[in-house]
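One-letter residues, chain by chain:
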Amino acid sequence: MFSRRAKVLWVLLVVSEMILVAFSFQLSYFARAIAPEFRQFYLSAGTFTGLLLAAVSLWAVTGLAMGQYTRPAKFEVLPTASQTTKQTIWFGLFLFAAIYLLKLGDVSRLFVGLLILCNFLLQLAYRLAAHRMRGFLRSGIAQPQNFLIVGTGPKALDVLRSVESNAEAGERV
C-alpha cells in the first residue's frame with residue numbers, strides 16, 4: 001500500500017546520488033586540468049563520456065549491491081558514514097577496474113583519486129543532510145499519511161508493525 005511511495009523516494013535518492021557523482025566528476029576534472037604543477041591533462045570526448053557513464057553507473061550499482069537503497073534509512077551519523085565509506089571503497093576499486101578493462105586510455109590516477117575523494121565528501125554531506133531535509137519536508141510541506149486497519153489476526157498485525165516502523169516517515173495508524 002505504501003510501497004509505491006517508498007519506491008519513488010528510493011528512485012529519487014538513486015538519481016540524486018548519480019547527479020552528485022556527475023558533479024564530482026566535473027569538479028575533479030576541472031581541478032586536475034587547472035593544476036599548474038602537473039602536465040597537461042585532457043580527456044578525449046569519448047574517454048570523458050565513457051568514464052563519466054562508468055562512474056555514475058558504478059556508484060548506483062555498488063549502492064544497489066550493498067542494499068543501500070533497499071532498507072529504510074535511519075540517517076544516524078556513524079552508520080551513514082560507515083556505509084558511505086564502504087560504498088566509496090568498492091566504487092573506487094570498480095572504477096579503477098573499469099578504466100583498465102574498458103581501455104579508456106591514459107586516465108590520470110590523480111584525477112580518479114580526486115573524483116573518489118570529492119564524491120565521498122559530497123555523498124556523505126548529502127546523506128547526512130537528507131535527514132534534516134526529510135524532517136523539514138514532512139513537517140512543513142507533506143501531511144502525515146494515515147492508515148486505517150480493518151480486521152484482526154496476524155496479517156493485520158503485520159500491517160500495523162510495518163506502518164509503525166515507518167512512523168518517522170510520516171505514516172501512522
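So, how was this worked out
- Residues numbered from 1 in each chain as written.
- Predicted model: local features only at pLDDT ≥ 70, side-chain atom pairs only at ≥ 80, totals over all residues.
- Heavy atoms only, no water.
- Helix = DSSP H or I, 4+ residues; strand = E, 2+ residues; numbered from the N terminus.
- Contact = heavy atoms within 4.5 Å.
- Areas by Shrake-Rupley, 256 points an atom, 1.4 Å probe, with all protein chains shown as cover.
- Core = buried A, V, L, I, M, F, W, Y, C linked by side-chain atoms within 4.5 Å.
- Buried < 20%, exposed > 50% of the residue type's maximum accessible area, 1.4 Å probe, protein only.
- pLDDT = per-residue confidence, 0-100.
- Phe/Tyr/Trp six-rings, centres within 6.5 Å; stacked < 30°, edge-to-face > 60°.
- Salt bridge = Lys/Arg side-chain N within 4 Å of Asp/Glu carboxyl O.
- Axes fitted to C-alpha atoms, helices over the stretch in contact; angles between N-to-C directions.
- Parallel < 35°, antiparallel > 145°, perpendicular 65-115°, else oblique.
- Left-handed = near helix turned anticlockwise from the far one by under 90°.

**A few points about the overall build of the protein**
Helices and strands together make up the secondary structure of the protein, namely 5 helices and 2 strands. Listed N to C, the secondary structure of the protein is α-α-α-α-β-α-β in terms of helices and strands. Long-range pairs, those at least 24 residues apart, make up 79% of the contacts in the protein between residues at least 6 apart in sequence. Roughly 10,900 Å² of accessible area belongs to the protein as shown, and the carbon and sulfur atoms make up 69% of that amount.

**Description of the nonpolar core**
By size, the foremost hydrophobic cluster in this structure holds 24 residues, and its most contacted members are Leu-51, Phe-91, Leu-95, Val-107 and Phe-111. Looking at this core, the elements with two or more residues in it are α1 (3–34), α2 (45–65), α3 (77–101) and α4 (109–140). The element that contributes the greatest number of residues to this core is α2, accounting for 7 residues.

**Structural notes on the environment of Leu-148**
With respect to the secondary-structure elements, Leu-148 resides in the loop between β1 (145–146) and α5 (154–165). Among the residues examined, Leu-148 registers a relative accessible area of 75% and is labelled exposed. Residues Leu-148 and Leu-160 lie 12 residues apart in sequence; the distance between their C-alpha atoms is 9.3 Å.

**Details of the confidence of the model for the protein**
On average, residues of the protein carry a pLDDT of 80, and 79% of them reach 70 or more. Mean pLDDT per element in the protein: strand β2 (residues 171–172) is the minimum at 71, and α3 is the maximum at 90.

**Describing the packing of aromatic side chains**
The full count for this structure, using the stated rule, is 7 aromatic pairs. Taken together, the aromatic side chains of Phe-25, Tyr-29, Phe-30, Phe-48 and Phe-111 make up a single cluster linked through ring pairs.

**What about the pattern of salt bridges?**
Per the stated rule, a full pass over the model turns up 2 salt bridges. For Glu-17, the salt bridge identified is with Arg-127, shortest N-O distance 2.7 Å. Residue Glu-17 is found in helix α1, and its partner Arg-127 is found in helix α4; the two are separated by 110 residues along the sequence. Of the charged contacts, one joins Asp-158 and Arg-161 as a salt bridge, the two residues approaching to 3.6 Å between their closest N and O atoms. Taken together, the residues span about one helical turn, with Asp-158 and Arg-161 both in helix α5 at a distance of 3 residues.

**Quick notes on the packing of α2 against α3**
At their nearest, the axes of α2 and α3 sit 9 Å apart, and the two run at 140° to each other. Our classification of the angle between α2 and α3 gives oblique. When the axes of α2 and α3 are compared, the crossing they make is right-handed. Along the contact surface, α2 presents Leu-51, Ala-55, Leu-58, Trp-59, Thr-62 and Gly-63, while α3 presents Gln-87, Thr-88, Trp-90, Phe-91, Phe-94, Leu-95, Ala-98 and Ile-99.

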